[in-house]
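Each chain, written out:
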Amino acid sequence: MAAPSTILRRLRPISARGNLLARTYHSYDHPPPPGPFSTTESTILSASLPHIPSHGFTLTSLSLGAKDAGYIDASTNLFPQGPFALVHYHLLTQRLGLAQKKEVLEADEGIGAKVKKLTWERLMGNKEIVHRWQEALALMAQPSNVPTSLKELAAQSDEIWFLSGDISVDTSWYTKRASLSTIYAATELFMTTDKSPDYIDTREFLDRRFKDVQFVGGVVGSVSQWVGFTASAGLNVLRSKGVRV
Amino acid sequence: MSTSRTLNNAKNNGVHNDPYPNSSHIPRSASEALSRPAPRSKPLTQAQRDFLASALRVNQAGELAATLIYTAQTPVVVASHPHLRPLMKHMYDQEAGHFSTFNSLIAKHRVRPTAMYPVWTIAASALGWGTAIMGREAAMACTEAVETEIGTHYNDQVKWLLGMAEQMEASGEQLGDDIKGLISTIRRIRDEELEHLDHAVENDAKKAVPHELLTSFIRAGCRGAIWVSERV
Ligand SMILES: [Fe+2]
Ligand SMILES: [Fe+2]
């Protein structure tokens, strides 16, 4: 019988590499690399989700889920990061679920409109657990969990821009993802205190944030032009003014 | 320890009341849903994916720089040597083609573009403009130096990819159209870069003064830029 610590180490999710920007080549000809959770872990986590509305992002939900899935209580030992595994799993499944939002993705609309709708869809993915979300935020803010949380946020913004059909690969690649992450995080926090019917207030809050940034042909474009304001542009401006350089 | 894992065998395979519409299907990685299924081949290794990502990133950055070098050089060079206009345009057009090829590959394979984008933009424009005002020979020496580095760099990539292809075929895996296509794209582009190198030498690149100093300085700069773009 192997020492428990060895087993734990082996079962620990292949933690995504620390680097926030370590997004790597996406292959269409090969199956995707394994995700952060093993099949067993996914089964337990998935069975734990229904317990979150009443028991929160806690070990209680995790062990109730393990029981539902037919594991003994102690199998929560599989999760050295504790209840944060539930948060991570929620973030992961919600992000990957975005690709299934066919009615948004197949609509005949511009990129900006799709980005807004997907962001809204994602926020609505928190509906069932929104009264528990501040617990999740507290777990995400723990130093050891911060890298994974930020990575998930970045990956989610990347997913939304990609699914919306954005193909810009210049400096705006960064500004787009950074501004969407900021907007999303702010709105998600706002939503935890929103008591309005159907989250109208959250909706308005989100619309205002989007207006502030003007994804559609607005400031994001000019921010990136400013960041990328270049010698080349400078040369061309001078040349257009008739300066012979 | 093993009991907790075996207990599950016969029971309950994740059938439960699920408030999350999408979680019963557990995708294992980003946008699995968008991938073409390839059930019989294995996932690419982390090392392979990292290589492909950094190769596409550095190639895009290099071609961006190439288009900007020619953009900056052309008016200056053509003003004193009008007969070079078609050649400059031909080389620029090819670079623009290379650039858009890598732009689409980066977007398609979801690779992060280089974070140094604005820096390369400034550096390449300054290099192009600076060598052009030093005269036709210096401008051509710049092309010579850049294309020598780029040619070698593309050759190394082709070698690496062919090694990967050989390994995968030996273990009965399918390479896939994307990587096959990438190998032939890089080969074609490499040949075009070497053609630019020939044009530069034909146009007296070697007569630039001081030729050695200038080309070794530019080549060192290229190597540094490649090193950074592969990583950042
Ligand atoms: Fe090129
Ligand atoms: Fe070239």
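Residues numbered from 1 in each chain as written. Chains lettered and ligands numbered in written order. Predicted model: local features only at pLDDT ≥ 70, side-chain atom pairs only at ≥ 80, totals over all residues. Heavy atoms only, no water.

A.B. asks: Account for the overall build of chain B, naming residues and giving values.
C.D. replies: Across its full length, chain B carries seven helices and zero strands. When the helices and strands of chain B are read in sequence order from the N terminus, they spell out α-α-α-α-α-α-α. Within chain B, the proportion of its 232 residues that are buried is 49%. If you take every contact in chain B between residues at least 6 apart in sequence, the share linking residues at least 24 apart comes to 86%. Summed over its atoms, the accessible surface of chain B is roughly 11000 Å², and 59% of this surface lies on carbon and sulfur atoms. (Helix = DSSP H or I, 4+ residues; strand = E, 2+ residues; numbered from the N terminus. Buried < 20%, exposed > 50% of the residue type's maximum accessible area, 1.4 Å probe, protein only. Contact = heavy atoms within 4.5 Å. Areas by Shrake-Rupley, 256 points an atom, 1.4 Å probe, with all protein chains shown as cover.)

A.B. asks: Now, about the coordination of the iron ion (ligand 1): what can you tell me, with residues and values included?
C.D. replies: Residues and elements named next belong to chain B. Taken together, the protein donors to the iron ion (ligand 1) comprise Glu63 (OE), Glu63 (OE), Glu95 (OE), His98 (ND1) and Glu193 (OE), at separations of 1.9 to 2.7 Å. Of note, the iron ion (ligand 1) draws all its donor residues from one chain, in the sequence arrangement E-x31-E-x2-H-x94-E. A spacing of 3.7 Å is found between the iron ion (ligand 1) and the iron ion (ligand 2), which share Glu95 as a donor. In this pair, Glu63 is assigned in helix α2 (residues 46–80) and His98 in helix α3 (residues 85–108), connecting sequence segments 35 residues apart. (Donors = N, O, S within 2.8 Å, 3.2 Å for Na, K, Ca; no water.)

A.B. asks: If you had to explain the coordination of the iron ion (ligand 2) to someone new, which residues and values would you point to?
C.D. replies: All names here are of chain B. Coordination sphere of the iron ion (ligand 2), protein contribution only: Glu95 (OE), Glu147 (OE), Glu193 (OE) and His196 (ND1), at 1.8 to 2.4 Å. Expressed as a motif, the donor residue spacing for the iron ion (ligand 2) is E-x51-E-x45-E-x2-H. What makes Glu147 buried here is its relative accessible area of 3%. The class of Glu193 is buried, set by a relative accessible area of 2%.

A.B. asks: Explain helix α7 (residues 111–124) of chain A to me, and be specific about the residues and the numbers.
C.D. replies: Note: α-helices contain 3.6 residues per turn, so residues at a spacing of three or four share the same orientation. All names here are of chain A. The terminal C-alpha atoms of α7 lie 20 Å apart, and with 14 residues this matches the ideal 20 Å at 1.5 Å per residue to within 8%. Residues Gly112, Lys114, Val115, Leu118, Thr119, Trp120, Arg122, Leu123 and Met124 constitute the buried set of α7. On its buried face, α7 is in contact with α5 (84–97), α6 (102–105), α9 (146–163), α10 (172–191) and α11 (200–213). (Expected span 1.5 Å × (residues − 1).)

A.B. asks: Can you tell me about the side chain of B:Arg190, naming the residues and giving the values?
C.D. replies: All names here are of chain B. Following the sequence through the fold, Arg190 ends up in helix α6 (residues 177–202). Residue classification places Arg190 among the buried residues on the basis of a relative accessible area of 14%. Looking at Arg190, its side chain comes within polar contact range of the side chain of Asn155, at 2.7 Å. Apart from the residues lying within four places of it in its own chain, the contact partners of Arg190 are Gly151, Tyr154 and Asn155. (Polar contact = N/O pair within 3.5 Å; in protein donor to acceptor, adjacent residues only side chain to side chain.)

A.B. asks: Describe the confidence of the model for chain A, listing the residues and the values that go with them.
C.D. replies: Mean pLDDT over chain A: 83, with 81% of residues reaching 70 or higher. Residue range residues 1–20 of chain A is modelled with pLDDT below 50. Its contacts to residues more than four positions away, or to other chains, number 23 contacts. (pLDDT = per-residue confidence, 0-100.)

A.B. asks: Mind laying out the nonpolar core, listing which residues take part and the relevant values?
C.D. replies: Membership of the largest hydrophobic core comes to 57 residues, with the highest contact counts inside it found for B:Leu52, B:Leu56, B:Met88, B:Leu161 and B:Ile179. When residues of this core are traced back to their parent elements, those giving at least two are α2, α3, α4 (117–133), α5 (136–170), α6 and α7 (211–231) of chain B. If we skip the residues at most four places from it in the chain, B:Met88 touches B:Tyr70, B:Gln73, B:Thr74, B:Val77, B:Val78 and B:Met140. Judged by nonpolar contacts, the second largest core, of 26 residues, contains A:Leu62, A:Phe79, A:Ile129 and A:Trp133. (Core = buried A, V, L, I, M, F, W, Y, C linked by side-chain atoms within 4.5 Å.)

A.B. asks: Account for the packing of aromatic side chains, naming residues and giving values.
C.D. replies: All names here are of chain A. Considering all chains together, one arrives at six aromatic pairs over all chains under this definition. Ring centres of Phe37 and Tyr89 lie 5.9 Å apart, and the angle between their planes is 65°; this geometry places the pair in the edge-to-face category. On the criterion of sequence distance, the pair formed by Phe37 in the loop between α1 (4–11) and α2 (39–48) and Tyr89 in helix α5 is long-range, its members being 52 residues apart. For the pair Phe37 and Tyr89, a shared accessibility class is recorded, and that class is buried. An angle of 15° between the planes, with centres 4.4 Å apart, marks the rings of Phe190 and Phe205 as stacked. With Phe190 in helix α10 and Phe205 in helix α11, this residue pair connects regions lying 15 residues apart in the sequence. Given the relative accessible area of 26%, Phe190 is considered partly exposed. (Phe/Tyr/Trp six-rings, centres within 6.5 Å; stacked < 30°, edge-to-face > 60°.)

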